[in-house]
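These are the residues of each chain, in order.
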Amino acid sequence: MNLIASPFESIEHAVIWPLILFSVTTWGLALLKGVQFTRLKTQDRKFHKRFWTASSLDSAAELAQSQPGAAARVALAGYAAIQVPEGLQATDLSQSINHQDRLERALRQQIVRERRSLESGLAILASIGSTSPFIGLFGTVWGIMSALKGISAAGSASLETVAGPIGAALVATGVGIAVAVPAVLVYNYFLRRLKLTAADLDDFAHDFYSLAQKNAFRVLLHPVLNKPGATVAGQKVKEAS
């Protein structure tokens, strides 16, 4: 089988090329997701270390704005939900909402957004892992049908006549399995890392909620939260690109 010289000579060739593309996609996503999760883990570790050494919840507000990472964005969403203007009584409707309920909702929504960011690409890996064997099997079945027709037309059923065409057709199934196995393994690996990251964010959100409870679900409006690009009460905290 010469895939380069005759890429579409037979249905097996036409099937193997998409499988090769799937394999390249799998390893590319594995590299990208590996970098994403490793960078996020490093960022969150640094943020946790600095956050828990802060003297108070109010003093850690600037840290949440300046530090990257999922945990920092969850904290920033929490600050945005419970901040109040310093020395002023809020009169708008956003401040009339119960701060406890608003904090709980903001933390939950931000964790969901972080999960969506981390889940990007995993559906592709799952699709490749589940469909590649069947795509390869399709090429094999079609190739065997063509081989049997050729053998029938030749009027010979010797081992030399049968082994070559059918063996070439079976290659498609082998390629499909070879593509599917890494995709499934990579998917399961990053799915586990996603669950661990989400659990860490849930734990941090619970701790942040407890700290906010000690502050009566109120923090003074920190100057850094008024800078351009910062989140204010009632607005969503967007994920970092």
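Residues numbered from 1 in each chain as written. Predicted model: local features only at pLDDT ≥ 70, side-chain atom pairs only at ≥ 80, totals over all residues. Heavy atoms only, no water.

Looking up the protein chain in an unreviewed UniProt entry gives the name MotA/TolQ/ExbB proton channel family protein, with the organism given as Pseudomonas bijieensis. UniProt lists a comment for the protein chain under the heading Sequence similarities (unreviewed entry), and it reads "Belongs to the exbB/tolQ family." (UniProt positions renumbered as here; feature names shortened; annotations may be inferred.)

## Some thoughts on the overall build of the protein chain
Across its full length, the protein chain holds 7 helices and 2 strands. Once local pairs closer than 6 in sequence are excluded, the contacts in the protein chain between residues at least 24 apart make up 78%. Accessible surface computed for the protein chain: about 13,500 Å², of which carbon and sulfur atoms make up 62%. (Helix = DSSP H or I, 4+ residues; strand = E, 2+ residues; numbered from the N terminus. Contact = heavy atoms within 4.5 Å. Areas by Shrake-Rupley, 256 points an atom, 1.4 Å probe, with all protein chains shown as cover.)

## Details of a nonpolar patch on the surface
On the surface, a nonpolar cluster with roughly 390 Å² of combined accessible area is contributed by Phe-134, Leu-137, Val-141 and Met-145. With respect to the secondary-structure elements, Leu-137 resides in helix α6 (residues 122-154). Residue class for Leu-137 comes out partly exposed when judged on its relative accessible area of 41%. (Patch = residues over 30% accessible without salt bridge, like charges linked within 9 Å, V, L, I, M, F, W, Y side chains within 5 Å. Salt bridge = Lys/Arg side-chain N within 4 Å of Asp/Glu carboxyl O. Buried < 20%, exposed > 50% of the residue type's maximum accessible area, 1.4 Å probe, protein only.)

## Comments concerning the nonpolar core
The biggest cluster of nonpolar side chains holds 36 residues, and the ones touching the most others in it are Phe-47, Phe-51, Tyr-79 and Phe-208. Among the elements that make up this core, the one with the highest residue count is helix α7 (residues 159-214) (9 residues). Setting aside anything within four residues of it in sequence, one finds Phe-208 in contact with Phe-51, Leu-57, Ala-75, Gly-78, Tyr-79, Ile-82, Leu-103 and Leu-107. Membership of the second largest hydrophobic core comes to 5 residues, among which are Val-15, Ile-128, Val-179 and Ala-183. (Core = buried A, V, L, I, M, F, W, Y, C linked by side-chain atoms within 4.5 Å.)

## What to know about the UniProt feature "transmembrane region" (unreviewed entry) in the protein chain
The UniProt record annotates "transmembrane region" (unreviewed entry) at residues 15-35, 122-145 and 165-187. The distance from the first to the last C-alpha atom of residues 15-35 is 31 Å, and the span holds 100% helix and 0% strand. In the segment residues 122-145, helix accounts for 100% and strand for 0%; the C-alpha atoms at its two ends are 35 Å apart.

## Quick notes on the packing of helix α1 (residues 11-51) against helix α3 (residues 70-82)
One way to put it is that α1 packs onto α3 with a least axis distance of 7 Å and a crossing angle of 50°. Taken together, α1 and α3 sit at an angle that is classed as oblique. Counted together, Leu-40, Asp-44, Phe-47, His-48 and Phe-51 of α1 and Ala-70, Ala-71, Ala-72, Arg-73, Ala-75 and Tyr-79 of α3 form the full contact between these two elements. (Axes fitted to C-alpha atoms, helices over the stretch in contact; angles between N-to-C directions. Parallel < 35°, antiparallel > 145°, perpendicular 65-115°, else oblique.)

## What about α3?
The terminal C-alpha atoms of α3, which comprises 13 residues, lie 19 Å apart, in line with the 18 Å expected from a rise of 1.5 Å per residue. Here α3 lies mainly inside the structure; 13 of its 13 residues are buried. (Expected span 1.5 Å × (residues − 1).)

## Describing the environment of Arg-39
Here Arg-39 lies in helix α1. Assessed through its relative accessible area of 49%, Arg-39 is described here as partly exposed. A C-alpha to C-alpha distance of 9.9 Å links Arg-39 and Pro-68, two positions 29 residues apart in sequence.

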